[in-house]
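Read off the chains here:
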Amino acid sequence: MPQPSTPRKTLGRPPRISREEVVETARRIVAEEGVDRLTMRRLATEIGSTPMALYHHVRNKEELLVLLLDDYAARTLRRPELPAHPRERIVVAAAAIHEALAACPWIVEVLTADDLMSTSALWFVEQIVDGLVECGLPPERAVHGYRAIWYYTAGEIVVRATAARRRTDDDRATYREQVFADLDPDELPRLAQVADSWAPLTAEDTYLDGLRALVDGLARGRLRC
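What you see is a predicted model; the values in this text were computed from it and never measured.

Caption draft 1: A look at the overall build of the protein chain. Across its full length, the protein chain carries 12 helices and zero strands. Counting the 225 residues in the protein chain, one finds 34% classified as buried. Pairs at least 24 residues apart make up 70% of the contacts formed inside the protein chain by residues separated by at least 6 positions.

Now the structure itself:
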C-alpha cells in the first residue's frame, strides 16, 4: 500500500527579529572575532534571517556600529561624581572613559575611525572640554586638549590589548625582547642599563600618572587652574 507523501514545507517569510537580537548578535561577533568580521550578510546568517530583513532595523554597518556604541555606553559608562577643581574634573572624566573602554578594546577600534561616536558618551567629552576652558584655555585650544587626551587614552588601550593578545597567542620571546637582550652598552648605555627590567616596567599600569602629566602640561601657565 503506498505511503502518504510527506507534506512539503511552505517557504514563508523569515522569522521576525528584534533590534535587541540584532545588537546582541552583532556584539557577540565583534567580541569574538573583531569588527572586520561583522557584515550584514554574516549577521543575517547568525540570526537565521536575511540581509533584507535586517534593513528594517539598521540601514548599514555604520548605523549598526553606532547602535553597538550606544548599547555599550548605556551598559558600562557611569557618570562619576566630579570634583570642583577643573583639573581634577578632567582627570576623573578621562579615567572613567579609560576604565570603560579598557574592558572592551574593540570599541576603541571603532571610535578611532574618528567619525563614529556614542551620543550618550558626550557628557564625558563635555566635562573634559569645560574643565580645560575653566583652566583658562580658549574653546578651540580646549578641543585640541581633549583630542590629545583622547589620543593618549585610546593609544594606551590599543597597545595594551595588542600586547595581551600577543602573549596569549604566542609565549615565545618577542622580537623586542631578543633585541634588548643584545644591546650594546657603548652605543645605547641608558637602554642597556634598563634592558632587563624594560618588559615589566612597560607593563606597569601608569595611565593615571601619564594622564595627570598631560593635563598639567595642557593647563601649565593658566592662572585659573
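Caption draft 2: Representation of the packing of helix α5 (residues 86-102) against helix α7 (residues 122-134). Put simply, α5 and α7 touch, their axes get as near as 8 Å, and they point 155° apart. When the axis of α5 is compared with that of α7, the two are roughly antiparallel. Along this stretch, α5 crosses α7, giving a crossing that reads as left-handed. Residues P86, R89, I90, A93, A94, A96 and I97 of α5 form the contact with α7, whose own contacting residues are F124, Q127, I128, D130, G131, L132 and E134. A per-class count over the contact of α5 with α7 returns nine nonpolar, two polar and three charged.

Caption draft 3: Fine view of the side chain of R87. Within the secondary structure, R87 sits in helix α5. For R87, the side chain forms a polar contact with the side chain of D216, separated by 3.0 Å. Residue contacts for R87: discarding those within four places in its chain leaves C135, V215, D216, A219 and C225.

Caption draft 4: Highlighting the nonpolar core. In this structure, L38, L43 and L101 are the most contacted members of the largest nonpolar core, which totals 54 residues. Counting residues per element, this core draws most heavily on α5, at eight residues. In terms of domain composition, this core takes at least three residues from each of domain 1 (1-58) and domain 2 (78-219). Setting aside chain neighbours within four positions, we find L38 in contact with A26, I29, V30, L43, K61, L64, L65 and L68.

Thresholds applied
Residues numbered from 1 in each chain as written. Predicted model: local features only at pLDDT ≥ 70, side-chain atom pairs only at ≥ 80, totals over all residues. Heavy atoms only, no water. Helix = DSSP H or I, 4+ residues; strand = E, 2+ residues; numbered from the N terminus. Buried < 20%, exposed > 50% of the residue type's maximum accessible area, 1.4 Å probe, protein only. Contact = heavy atoms within 4.5 Å. Axes fitted to C-alpha atoms, helices over the stretch in contact; angles between N-to-C directions. Parallel < 35°, antiparallel > 145°, perpendicular 65-115°, else oblique. Left-handed = near helix turned anticlockwise from the far one by under 90°. Nonpolar A, V, L, I, M, F, W, Y, C, P; charged D, E, K, R; others polar. Polar contact = N/O pair within 3.5 Å; in protein donor to acceptor, adjacent residues only side chain to side chain. Core = buried A, V, L, I, M, F, W, Y, C linked by side-chain atoms within 4.5 Å. Domains from an automatic or database assignment.

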